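Breakdown of the fold
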Amino acid sequence: MSTSRKGEPIIEVEGLDTRFGDNVVHENLDLTVKRGEIIGIVGGSGTGKSVLLRTILGLKRPDAGRIRVFGLDFSTLPEAERRLNEQRWGVLFQDGALFSALTVAENIQVPYREHLDLSQELMDELAAVKIAMAGLRPTAGTLYPSELSGGMRKRAGLARALALDPEILFLDEPTAGLDPIGAAAFDELINDLKETLGLTVFLVTHDLDTLHATCDRIAVLAEKHVILVGTIDDMLRSSHPWIHEYFHGPRARAALAGK
Amino acid sequence: MAGLSSREAGNEAAEPASYRAGIENRVLRLEAAGNWSIVHLNKVDGELRRLVASPGEANRAVIGLSAVSRFDTAAAAIISRTAARLEEQGLRVEFEGVSEAQHLLLDKVGSLGEPEPVRRPPVPAYLQILGKIGETLLAMAAEARAMLGFVGAVIVTVGRTIANPRRFRLVPFVHHMEKSGFDALPLVCLLTFLIGAVVAQQGAVQLRQFGAEVFTVNLIAIIFLREVGLLLTAIIVAGRSGSAFTAEIGSMKMREEIDAMRTLGLDPMDMLILPRVAALTVTLPLLTFIADVMGLVGGGLVVFFMLDMSPGVYITRVQEAVGFWTFGVGLVKAPFMAAVIALVGCRAGLAVTGSAESVGAMTTSSVVRSIFLVIILDALFAMFFTAVDI
Ligand SMILES: Nc1ncnc2c1ncn2[C@@H]1O[C@H](COP(=O)(O)OP(=O)(O)OP(=O)(O)O)[C@@H](O)[C@H]1O
Ligand SMILES: [Mg+2]
């Protein structure tokens, strides 16, 4: 594994088809994500953003096409190597997906326990750091997921995703359900992490403010594939009706005005 | 930046984290080197904790990071804690050779402040035991109250439904009759058939010693029609349907579906509870009847082979052995047991709190409780029927 450079492709999706029975979700979808960038994935509800994320993570088998992450095709990797490389990404699912039998701190420590050999003292300290980083109250560490609000669950999920300082962070609608101040802090956190850790972020979102505040590039999912990838300015210039509506609608104007 | 962006998971060739420490002219120098990523930090962390606890006669500390190839948040947490501890000991701490990215990260972690403890302080064992006992007692009392309240609410719902039969949900009622009744048929038939055969075979062997093997028929008929047919069926249904009720209602509770129902003006009592209770109350007697028949068939088969008794004679002897009430006693108990199983199952489902674990716990306790109550109820009925001489 040679030292990797910023800007080289880190996720490559080529000719991806996915379907559930007769329901074709993706058809011939191509997408390349570069190392060190924050890419926003947008698209209407049900266009398959979450499914794309799950497919890249190997949780759903593609029906055709090729997916490479870190230049590796995970579906052909031997078990041991796949596990090792899976530690290089962190995932925040749409509703947090915390383990309900464990406290927040224990949730964060799961990857430490599974993959590393750390003293309890150090694990506790690191869990506390991640909890603070994700913007949770310090006392949240001892709580169980059922004792948290929706927004807090999301933050706790983020703290767990960050546990191993991953190279890629997959976020499925991270700011949905957060208060505006919290959402802004979240945007800032993502930017900080990208700068300090050279993190690549795959961000599924409907939040126009987040798109403006964080994303280097945006990929638009519609008509079963990625119809446009580019910067915010590219989006604003596009004449595709859906993209135009999305980035020039009343909410988009408000988000832009706020800049 | 180049070194920072590669995580090198599993790259064992990466130089592990290390540091050199030395004191000269009352200056403590800490030179960190290598890959300071979480994978390699456990040992360094322990050593640093010890070092910092007794920094000797130094009054200034210099932490150098120029030789560090990778530096992640865990490293930043350790370094900034080390610096904070040294300052507590009265040292002035300076950093050297800190890259811009490392600086950002240290700032970020430093700005979070002192980490709080993430686990509750341990409680002594004897207090834990006492606490557990107290908690369990209180929980039992609370549960008994809640169960009574629930039964009351169900009775009120039944009353309302009788007054206004259009409230009754026919579709879920039929659905649950199918799921808890019809679908249970194969299992109930097979088990009662086998038990009938086993009882007959054992009975025949024992009774033959007195030359009284013809009474095998009485044994099977009375035991099955009065007790075993119903008890077996009730226990099977408690395991199959009682648990299903709890799990279904419990996961709906967990996903706030029941709250959603209430806000839409739907009464979960009407929608979920009553159809289940009613369905089980109807199906358990039917299942019991079939169980009785299958038990007798199983017994008859054994009697046919072991005692050479023809089916015609067997049927006549069964008729002589049992009066209507032997059979009636079994059937009369069935709806009560059905109601107990359904009420316990539904109530346990409603008692589920947020977590998936609680669905599992409530399902287990619902099955245990309903089987326990079924057997207690059977004993009470036995006392009652003895008292009234049936
Ligand atoms: N497990 C599944 N089984 C069958 N169909 C599914 C499954 N998961 C998703 N789908 C279908 O795939 C399509 C895409 O769903 P997906 O969850 O990816 O949407 P999305 O773009 O994430 O929407 P949202 O913005 O609402 O989260 C939908 O048509 C959905 O019905
Ligand atoms: Mg989604």
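Cut-offs used in this document
- Residues numbered from 1 in each chain as written.
- Chains lettered and ligands numbered in written order.
- Predicted model: local features only at pLDDT ≥ 70, side-chain atom pairs only at ≥ 80, totals over all residues.
- Heavy atoms only, no water.
- Near = heavy atom within 4 Å.
- Polar contact = N/O pair within 3.5 Å; in protein donor to acceptor, adjacent residues only side chain to side chain.
- Areas by Shrake-Rupley, 256 points an atom, 1.4 Å probe, with all protein chains shown as cover.
- Helix = DSSP H or I, 4+ residues; strand = E, 2+ residues; numbered from the N terminus.
- Buried < 20%, exposed > 50% of the residue type's maximum accessible area, 1.4 Å probe, protein only.
- Arc of directions from axis to C-beta.
- Contact = heavy atoms within 4.5 Å.
- Salt bridge = Lys/Arg side-chain N within 4 Å of Asp/Glu carboxyl O.
- Domains from an automatic or database assignment.
- 1 Å grid on protein atoms, 1.4 Å probe; cavity = no way out; pocket = protein on both sides within 12 Å on 5 of 7 lines; lining within 4 Å.
- Points joined across faces, edges and corners; volume = space filled by probe spheres on them.
- Nonpolar A, V, L, I, M, F, W, Y, C, P; charged D, E, K, R; others polar.
- Donors = N, O, S within 2.8 Å, 3.2 Å for Na, K, Ca; no water.
- Pairing = 2+ DSSP bridges.
- Axes fitted to C-alpha atoms, helices over the stretch in contact; angles between N-to-C directions.
- Buried area = accessible area lost by both parts, 1.4 Å probe.
- Expected span 1.5 Å × (residues − 1).
- Parallel < 35°, antiparallel > 145°, perpendicular 65-115°, else oblique.
- Left-handed = near helix turned anticlockwise from the far one by under 90°.

Another aspect to go through is the site of ligand 1. Residues and elements named next belong to chain A. In the vicinity of ligand 1 lie 14 residues, with Gly46, Lys49, Ser50, Val51 and His206 positioned nearest. Between an oxygen atom of ligand 1 and a side-chain N or O atom of Glu173, the distance comes to 3.3 Å. When ligand 1 is considered free in solution it has 640 Å² of accessible area, and contact with the protein chains removes 60% of it. With three residues, helix H1 (residues 49-56) is the largest single contributor of residues to the shell around ligand 1.

Now for helix H6 (residues 170-180) of chain B. Residue and element names in this part refer to chain B. Phe173, His176 and Ser180 are the residues of H6 that are buried. Seen from one end, H6 has its buried residues packed into an arc of 70°, which puts them on one side. Across H6 from its buried face, at more than 90 degrees, point the exposed residues Leu170 and Val171. The inward-facing, buried residues of H6 abut helix H8 (216-254) and helix H10 (268-307).

Another aspect to go through is the environment of Leu350 of chain B. Residue and element names in this part refer to chain B. By the secondary structure assignment, Leu350 is in helix H12 (residues 324-350). Expressed as a C-alpha distance, the spacing of Leu350 and Met254, which sit 96 residues apart in the sequence, is 9.3 Å. Not counting chain neighbours up to four residues away, the residues in contact with Leu350 comprise Phe150, Ile249, Lys253, Ile258 and Ile273.

On to the pattern of salt bridges. Applying the stated criterion across every chain, the model contains 30 salt bridges over all chains. Across the pair Arg49 of chain B and Glu125 of chain A runs a salt bridge whose closest N-O atoms are separated by 2.9 Å. Here Arg49 of chain B, found in helix H2 (residues 41-53), pairs with Glu125 of chain A, found in helix H4 (residues 120-133), and the two come from separate chains. The class for Arg49 of chain B is partly exposed, based on a relative accessible area of 22%. One connected set of salt bridges, linked through shared partners, spans Glu121 and Glu125 of chain A together with Asp45, Arg49 and Arg81 of chain B.

So, about the domain arrangement of chain B. By domain assignment, chain B separates into domain 1 (6-112) and domain 2 (133-387). The straight-line distance from the C-alpha centre of domain 1 of chain B to that of domain 2 of chain B is 67 Å.

The next point concerns empty space enclosed by the protein. Residues and elements named next belong to chain B. Considering all chains together, one arrives at two cavities of 30 Å³ or more under this definition. Estimates place the volume of the second largest cavity at around 30 Å³. In terms of lining, the second largest cavity is formed by Tyr19, Leu30, Ala32, Trp36, Leu48, Ile63 and Ile79. Top element by residues in the lining of the second largest cavity is strand E2 (residues 27-36). It accounts for three residues. Its residues placed into classes, the lining of the second largest cavity shows seven nonpolar, no polar and no charged.

Time to look at the coordination of the magnesium ion (ligand 2). All names here are of chain A. Bound to the magnesium ion (ligand 2) on the protein side are Ser50 (OG) and Gln94 (OE1), at distances that span 1.9 to 2.7 Å. Separated by 44 residues along the polypeptide, Ser50 in helix H1 and Gln94 in the loop between strand E5 (89-92) and helix H3 (104-115) bring together distant segments of the chain. The partly exposed category is assigned to Ser50, whose relative accessible area is 25%. Among the residues examined, Gln94 registers a relative accessible area of 38% and is labelled partly exposed.

To continue, consider the sheet that holds strand E1 (residues 18-24) of chain B. All names here are of chain B. As summarised here, the arrangement of the four strands in space is E1-E2-E3-E4, forming an open sheet in which the pairing is mixed. The outermost strands of the open sheet, each flanked by one partner alone, are E1 and strand E4 (92-96). Across the sheet, the mean angle separating the axes of adjacent strands is 15° when strand polarity is ignored. Of the strand pairs in this sheet, E2 and strand E3 (residues 60-71) are connected by nine bridges, and their pairing is parallel. Its bridge partner being in E3, Ala33 is matched across the sheet by Ala67. The strands touched by helix H4 (residues 100-111) are E3 and E4; relative to E3, the strand with the most contacts, the crossing angle is about 115°.

The next thing to look at is the domain arrangement of chain A. Residue and element names in this part refer to chain A. Here chain A is partitioned into domain 1 (1-88 + 173-259) and domain 2 (99-165). With eleven residues of domain 1 in contact, the opposing surface of domain 2 contributes ten residues. Buried surface at the junction of domain 1 and domain 2, summed over both partners, amounts to about 970 Å²; 68% is from carbon and sulfur atoms. Counting across the interface, domain 1 meets domain 2 through zero salt bridges. Scanning the region where domain 1 abuts domain 2 turns up two residue pairs in polar contact (both at pLDDT 80 or more).

We now examine the sheet that holds strand E4 (residues 64-69) of chain A. Residues and elements named next belong to chain A. Taking strand neighbours across the sheet as the criterion, the three strands line up as E2-E1-E4 in an open arrangement whose pairing is antiparallel. Edge positions in the sheet fall to strand E2 (23-34) and E4, since each has one partner strand and no second. Across the sheet, the mean angle from the axis of one strand to that of its neighbour is 15°, orientation sign disregarded. Relative to E2, strand E1 (residues 9-20) runs antiparallel, the two being bridged by eight bridges. The residue of E2 that forms the bridge with Thr18 is His26. The strands that H1 touches are E1, E2 and E4; relative to E1, the one it contacts most, it runs at about 115°.

Quick look at the interface of chain A and chain B now. Contacts between the two partners involve 47 residues from chain A and, on the opposite side, 40 residues from chain B. The contact between chain A and chain B buries some 3600 Å² in all, and 61% of this surface belongs to carbon and sulfur atoms. Taken as a group, Glu125, Thr142 and Thr196 of chain A account for 15% of the area that chain A buries against chain B, more than any other trio of residues on that side. At the junction of chain A and chain B, the tally comes to four salt bridges. Note that Arg49 of chain B and Glu121 of chain A form a salt bridge whose closest N and O atoms lie 3.5 Å from each other. The interface formed by chain A and chain B includes eight residue pairs in polar contact (both at pLDDT 80 or more).

For the rest of this paragraph, the subject is helix H13 (residues 356-387) of chain B. Because each turn of an α-helix spans 3.6 residues, side chains separated by three or four positions in sequence point in the same direction. With 32 residues, H13 of chain B should reach 46 Å at 1.5 Å per residue; the first-to-last C-alpha distance of 47 Å fits that figure. Residue Asp389 of chain B follows H13 of chain B closely and has a positive phi angle near 65°.

Residues and elements named next belong to chain B. H13 packs onto H12 with a crossing angle of 155° between their chain directions and a minimal axis gap of 9 Å. One finds that H12 runs roughly antiparallel with respect to H13. Between H12 and H13 lies a crossing of right-handed hand. For the pair formed by H12 and H13, the contact residues are Val329, Val332, Lys333, Phe336, Met337, Val340, Ile341, Val344, Gly345 and Ala348 on the first element and Met362, Ser366, Arg369, Ser370, Leu373, Val374, Leu377, Asp378, Phe381 and Phe385 on the second. When the residues that make up the contact of H12 with H13 are grouped by side-chain class, the tally is 14 nonpolar, three polar and three charged.

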